[in-house]
Number of protein chains: 2
Amino acid sequence: MVGFDMASNATKASLPSAKNSANSILNLVQGDPTVFEPYWRDQGDKCTLVISGDDLMSYYSDYGNICWFLQPQLAEAIRNIHRDVGNAVVNGRHIVIGTGSTQLFQAALYALSSPAGPEPVTVVSSAPYYSRYPEEIEFLSSRLYKWGGDANTFDKDGPYIEVVNSPNNPDGGSRHAVVNRRGGRLIHDFAYYWPHYAPITAAADHDIMLFTLSKCTGHAGSRIGWAIVKDIEVAKKMIKFVEFNSLGVCKDSQLRTAKILETISNEFSNLGSTKTGNFFEYGQRLMAERWRKLREVIKRSKVFSLPKYPKEYCNFFGEFMESHPAFAWLQSNGSMDAEILLRTHKMMVKGGKCFGVDPKYARVSVVGREEDFNLFLERLSAII
Amino acid sequence: MVGFDMASNATKASLPSAKNSANSILNLVQGDPTVFEPYWRDQGDKCTLVISGDDLMSYYSDYGNICWFLQPQLAEAIRNIHRDVGNAVVNGRHIVIGTGSTQLFQAALYALSSPAGPEPVTVVSSAPYYSRYPEEIEFLSSRLYKWGGDANTFDKDGPYIEVVNSPNNPDGGSRHAVVNRRGGRLIHDFAYYWPHYAPITAAADHDIMLFTLSKCTGHAGSRIGWAIVKDIEVAKKMIKFVEFNSLGVCKDSQLRTAKILETISNEFSNLGSTKTGNFFEYGQRLMAERWRKLREVIKRSKVFSLPKYPKEYCNFFGEFMESHPAFAWLQSNGSMDAEILLRTHKMMVKGGKCFGVDPKYARVSVVGREEDFNLFLERLSAII
């Protein structure tokens, strides 16, 4: 299993953005999306949540919904934000809520595998793949499913599950299913399919699509994810998983999520078709500016390079745009171990091996706080 | 696997306390602890939570704690409430937070089992046992652990885990470990070890002790549970489980939980040693009154009986007291199927078979809203 420890990284490295001195190690491992904090600070009371002592006490949220633990106002807010952004089809689809998309990924595995199967169904994803997939698939040694590695080299017959992560974590690329055999089931992880990271080229319409508030608005601490699911039986099995696993999803965070998403949707209503001054425009400008600065540093580098992303037409902004991913996927040109190289310059990142590829690659978060990002550029410049 | 479906129960039966007419089915299946709502309503603004749009956005809560996703103010509130109530030793112990104690039960199984073991470790609990234990143990077909049934009949050698649920769900009895063999590990589920349900006879001091806000204050919708853990390595593995499973625990609900627990602790500080007028006294009076009414109905019954609970000295209230459990454990005297019998009188409950015992037993929630409890008594009286 690919090992990685948030806790040990947090304690070994400096606290992200907490008084980084010249000697402190800069933690760029996690994609902790604190980049958007200033935006939400500026919103003032518009999205302040107030909960009284006797609110939301029951286990139940909605007796009329198969997802009995989903707050109706959140279901509505989720449908609205996807209609506003145009990144996913929601009409006639089921919404399943989860404790982050992390829980829903496991719920989807459970829903797509069969307890009666003779052997575990193999789960694959194209390398470089999100390093948590193998961990989440393997940590309980389930007989239902097992990790099968890189989808590009998968050649077994029979049932399998392919996870399609697009835009892809770690390398930011646009992805499609690659196995395309009989007996295959798909999970689309769309954590980063929002206009501030990538052009919205179409309203996605797949069997199971996972989204998370963490990467959409930056509210990672609320641990709210959602799945858009076509088949009601699959949705029911995912709901069952969440019931077994945690007896529902915290309602306080659901209500807060509804409020935050409604704030964005209300901006659209007020702004009309111009779409200026809204959260995604703010986010897009901010990410584009970070990537401009980063590419400037890399242009002068003899050590590192970055992927190029094609300009594609974004239906949301109505223009051709590049991707500005949440992570920089650095490649060391001399085939040096990128993680070790960056570590010697006091930057803690995640090396290529965690993602199933060569150690010459490393993933670096570019969604941290401003001062951390600037320190990253400064230290990166010094390697060149 | 013992099957039970919160969703289908919710939709088939009437909504608890929502306009129960003479013909509607009364749902008494879940222990949805809405009984305490009026108390929290009366607290007014004292425990109202206000969260701004830019609060709590990071994944991290506390870099200095092995449980990096635990809000420090919640850790403090948890330690204080246990010191106030005297139901568990917290000094020198580790607090692990979870999405309800449901998630932490699974985290404890993960922590106590070994991936390198030749076969799954067997998990047992004395019958009648909480019906969700077998479900939560088996739903992912893990190779790490398996359900072994009633602890009273367990006679295998080698490693095992015994779950001790005290006061016990469903029957309200006080419990201790019964297997007591070499190689055994214990999980103590203390969801109901609070003064409104049972006398606090001692500060419990076991390896892993699970608590949940749902049953303590009635805030089930917040999905907050905590474990008090002696061994740091066990705590670390439980934390790892929560990281793999849901990348932490929603912070909004953590903050709310801290506020609610602090409200109770402040009552103690203000009230001094009299302990009158605080939440637990309110809860104890309310539960005692419900049980008085229920026992009155049962006294006239030729069909049903209830367990007797011994009077024990409660250190918290400073007097001898009986238990007043969250569930009534009804036994039909004529060995009739209690669930079916109650069902014909429009009461939906959970039958003995779900808990590993005879169908002449049934578990009935007595922590629902006032109107539901009264309707339950009314319909129960009609059977007699």
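The structure displayed is predicted, hence computed values, not measured ones. Numbering of residues starts from 1 in each chain and follows the order in which that chain's sequence is written. To read the labels, note that chains go from A and ligands from 1, taken in the order they are written. Thresholds applied to this predicted model are a pLDDT of at least 70 for local features of residues and 80 or more for the giving and counting of side-chain atom pairs; totals over whole chains, interfaces and linings are not thresholded and use all residues. Each side-chain value is derived from all of the structure's non-hydrogen atoms; neither hydrogens nor water enter the calculation.

### A word on the interface of chain A and chain B
Contacts are assigned to residue pairs with any non-hydrogen atoms lying within 4.5 Å of each other. Contacts between chain A and chain B engage 76 residues on the former and 76 residues on the latter. For salt bridges, the criterion is a side-chain nitrogen of Lys or Arg within 4 Å of an Asp or Glu carboxyl oxygen. Inspection of the chain A/chain B interface yields six salt bridges. Labels follow the DSSP assignment, with helices taken as runs of H or I lasting at least four residues and strands as runs of E lasting at least two, numbered in each case from the N terminus. Of all elements in the fold, only α1 (6–12), α2 (37–42), β2 (49–51), α4 (100–112), α5 (132–138), α6 (213–216), α7 (232–246) and α8 (251–271) of chain A reach the threshold of two or more residues within the side of chain A that touches chain B. In terms of residues, the side of chain A that touches chain B owes the most to one element, α7 of chain A, which gives six residues. Classification convention: Asp, Glu, Lys, Arg as charged; Ala, Val, Leu, Ile, Met, Phe, Trp, Tyr, Cys, Pro as nonpolar; all other residues, Gly among them, as polar. Taken together, the residues that form the side of chain A that touches chain B break down as 34 nonpolar, 24 polar and 18 charged. Criterion used throughout: strands pair if DSSP finds at least two bridges between them. Inspection of the sheet shows β2 of chain A paired to strand β2 (residues 49–51) of chain B by three bridges, in the antiparallel sense.

### Here we look at a positive patch on the surface
Only residues whose relative accessible area exceeds 30% and that take part in no salt bridge are eligible for patches, with like-charged residues grouped when within 9 Å of each other and nonpolar side chains (Val, Leu, Ile, Met, Phe, Trp, Tyr) grouped when within 5 Å. Note on areas: these come from Shrake-Rupley sampling with a 1.4 Å probe, and a residue is covered only by the protein chains present in the view. Here the positive residues are Lys and Arg and the negative ones are Asp and Glu; neither His nor the chain ends is included. A charge is said to be at NZ when it belongs to Lys, at CZ for Arg, at CG for Asp and at CD for Glu. The grouping of Arg143, Lys146 and Lys156 of chain A together with Arg143, Lys146 and Lys156 of chain B at the surface amounts to a positive patch. Looking at the element boundaries, Arg143 of chain A is found in the loop between α5 and β5 (145–150). Buried, partly exposed and exposed residues are distinguished by accessible area as a fraction of the type maximum, computed with a 1.4 Å probe on protein chains only: under 20%, between the cut-offs, and over 50%, respectively. Here Arg143 of chain A falls in the partly exposed class, since its relative accessible area comes to 39%.

### Side note on the relation of the copies chain A and chain B
Once chain A has been moved 0.0 Å along the axis and rotated by 180°, it coincides with chain B to within an RMSD of 0.0 Å. Both copies are brought into coincidence by an operation consistent with a two-fold rotation axis. A shared binding surface is used by both copies, with 100% of the interface residues of chain A retained as interface residues in chain B. Residues below a pLDDT of 70 in either copy are left out; the C-alpha atoms of the rest, at least 70 in both, set the least-squares superposition of the copies.

### Notes on the packing of helix α9 (residues 279–299) of chain B against helix α11 (residues 370–383) of chain B
Residue and element names in this part refer to chain B. Where α9 contacts α11, the axes come no closer than 9 Å and their chain directions differ by 10°. By the criterion of interaxial angle, the relationship of α9 to α11 is roughly parallel. The chirality of how α9 crosses α11 is left-handed. Where α9 abuts α11, its residues Arg290, Lys293, Leu294, Val297 and Ile298 lie against Glu370, Phe373, Asn374, Phe376, Leu377, Leu380 and Ser381. Its residues assigned to classes, the contact of α9 with α11 comprises seven nonpolar, two polar and three charged. Working convention: axes come from line fits to C-alpha atoms, limited for helices to the stretch in contact. Angles between N-to-C directions cover 0 to 180 degrees. Note that the term roughly parallel is reserved for angles under 35 degrees, roughly antiparallel for angles over 145, roughly perpendicular for angles of 65 to 115, and oblique for everything else. Left-handed is the label given to a crossing in which the near helix is rotated counterclockwise from the far helix by less than a right angle, and right-handed is the label when the rotation is clockwise.

### Considerations on the pairing of strand β6 (residues 160–165) of chain A
All names here are of chain A. Most of β6 sits inside the fold, with six of its six residues counted as buried. The alternating pattern of β6 places Tyr160, Glu162 and Val164 on one face and Ile161, Val163 and Asn165 on the opposite face, and all of these are buried. As paired strands, strand β4 (residues 121–125) and β6 are joined by three bridges and run parallel to one another. Residue Val123 lies in a different strand from β6, and its bridge partner there is Ile161.

### Examining the sheet that holds strand β9 (residues 224–229) of chain B
Where strands meet in a sheet, backbone hydrogen bonds hold them as pairs that are either parallel or antiparallel. Residue and element names in this part refer to chain B. The seven strands lie next to each other as β3-β9-β8-β7-β6-β4-β5, forming an open sheet whose pairing is mixed. Every other strand in the sheet has two partners, leaving β3 (94–99) and β5 (145–150) as the edge strands with one partner each. Recorded for the sheet is a direction-independent mean angle of 25° between the axes of neighbouring strands. The sheet contact formed by strand β6 (residues 160–165) and strand β7 (residues 184–189) spans six bridges and is parallel. When the bridges of β7 are listed, Val164 appears paired with His188. Here helix α3 (residues 72–85) sits on the sheet and contacts β3, β8 (208–212) and β9; the angle it forms with β3, its principal contact strand, is near 110°. Docked against the sheet, helix α4 (residues 100–112) engages β3, β4 (121–125), β5, β6, β7, β8 and β9, running at close to 120° with respect to β3.

### So, the domain arrangement of chain A
Residue and element names in this part refer to chain A. Domain delimitation in this document rests on an assignment produced automatically or drawn from a domain database. Once the domains are mapped, chain A shows domain 1 (10–40 + 279–381) and domain 2 (72–268). The partner domain 2 presents 35 residues to the 34 residues of domain 1 that form the contact. Two parts placed together each lose some accessible area under a 1.4 Å probe, and the buried area is that loss summed for both. Across the interface of domain 1 and domain 2, roughly 2,700 Å² is buried in total on both sides, 64% from carbon and sulfur atoms. It is Trp40, Phe280 and Phe316 that lose the most area in domain 1 upon contact with domain 2, and together they represent 24% of the buried surface on that side. Inspection of the domain 1/domain 2 interface yields zero salt bridges. Whenever two N or O atoms come within 3.5 Å, that pair is a polar contact, provided that in protein one can donate a hydrogen and the other can accept it, and provided that, for residues adjacent in sequence, both atoms are side-chain atoms. In this assembly, domain 1 and domain 2 are joined by 11 residue pairs in polar contact (both at pLDDT 80 or more). At the level of secondary structure, the elements contributing two or more residues to the side of domain 1 that touches domain 2 comprise α2, α9 (279–299), β11 (312–314) and β13 (327–332). Take the side of domain 1 that touches domain 2: its biggest share by element is five residues, from α9. Looking at the side of domain 1 that touches domain 2, its residues break down into 22 nonpolar, seven polar and five charged.

### Quick look at the sheet that holds strand β16 (residues 361–365) of chain A
Residue and element names in this part refer to chain A. Strand order in the open sheet formed by four strands is β10-β13-β16-β15, with antiparallel pairing between adjacent strands. Strands at the two margins of the open sheet, each flanked by one partner only, are β10 (304–305) and β15 (350–351). The pairing of β10 with β13 spans two bridges and is classified as antiparallel. Bridge assignment links Phe304 to a residue of β13, and that residue is Ser332.

### Some words on the environment of Val357 of chain B
All names here are of chain B. One can find Val357 in the loop between β15 (350–351) and β16 (361–365). Under the relative-accessibility criterion, Val357 is labelled partly exposed at 21%. Here the alpha-carbon distance between Val357 and Pro128, two residues 229 residues apart in the chain, equals 5.8 Å. Setting aside residues up to four positions removed in sequence, Val357 forms contacts with Ala127, Pro128, Trp329 and Gly352.

### Some details on the packing of aromatic side chains
Ring geometry is summarised as follows: Phe, Tyr and Trp rings, the Trp one being its six-membered ring, pair when their centres sit within 6.5 Å, and such pairs are stacked at plane angles under 30 degrees, edge-to-face over 60 and tilted between the two. Overall, the coordinates contain 68 aromatic pairs over all chains when judged by the stated rule. Aromatic side chains Tyr39 of chain A and Tyr282 of chain A sit 4.9 Å apart centroid to centroid with 50° between the ring planes, which places their arrangement in the tilted category. Here Tyr39 of chain A is found in helix α2, whereas its partner Tyr282 of chain A is found in helix α9, with 243 residues between them in sequence. The exposure class assigned to Tyr39 of chain A is buried, which follows from its relative accessible area of 5%. On the numbers, 5.1 Å between centres and 65° between planes, the contact of Tyr39 of chain B with Phe279 of chain B is edge-to-face. Of this pair, Tyr39 of chain B sits in helix α2 (residues 37–42) while Phe279 of chain B sits in helix α9, placing them 240 residues apart in sequence. Taking the relative accessible area as the measure of exposure, Phe279 of chain B reaches 0% and is therefore buried. In this structure, Arg363 of chain B is placed above the aromatic ring of Phe327 of chain B, and the distance from its NZ or CZ to the ring centre is 3.7 Å. Charges are assigned to positions over rings by a cutoff of 6 Å between ring centre and Lys NZ or Arg CZ, combined with an angular limit of 35 degrees from the ring normal.

### Observations concerning α3 of chain B
For the α-helix, the turn length of 3.6 residues means that residues three or four positions removed from each other point alike. All names here are of chain B. A helix's residues, less one, multiplied by 1.5 Å, set its expected span. Taking 1.5 Å of rise per residue, the 14 residues of α3 would be expected to cover 20 Å, and the 20 Å separating its terminal C-alpha atoms lies within 8% of that figure. Where α3 is concerned, the buried positions are Leu74, Ala75, Ala77, Ile78, Ile81, His82 and Val85. Axial view of α3: buried residues confined to an arc of 165°, hence all on one face. Relevant arc is that of directions from the helix axis to the C-beta atoms, nothing else.

### Quick notes on the environment of Gln73 of chain A
Residue and element names in this part refer to chain A. Here Gln73 shows up in helix α3 (residues 72–85). On the basis of relative accessible area, Gln73 is assigned to the partly exposed category, the value being 32%. Through-space distance from the C-alpha of Gln73 to that of Asn315 is 27 Å; in sequence the pair is 242 residues apart. Look past the residues within four positions of Gln73 in its chain and what remains in contact with it is Leu255, Ala258 and Glu262.

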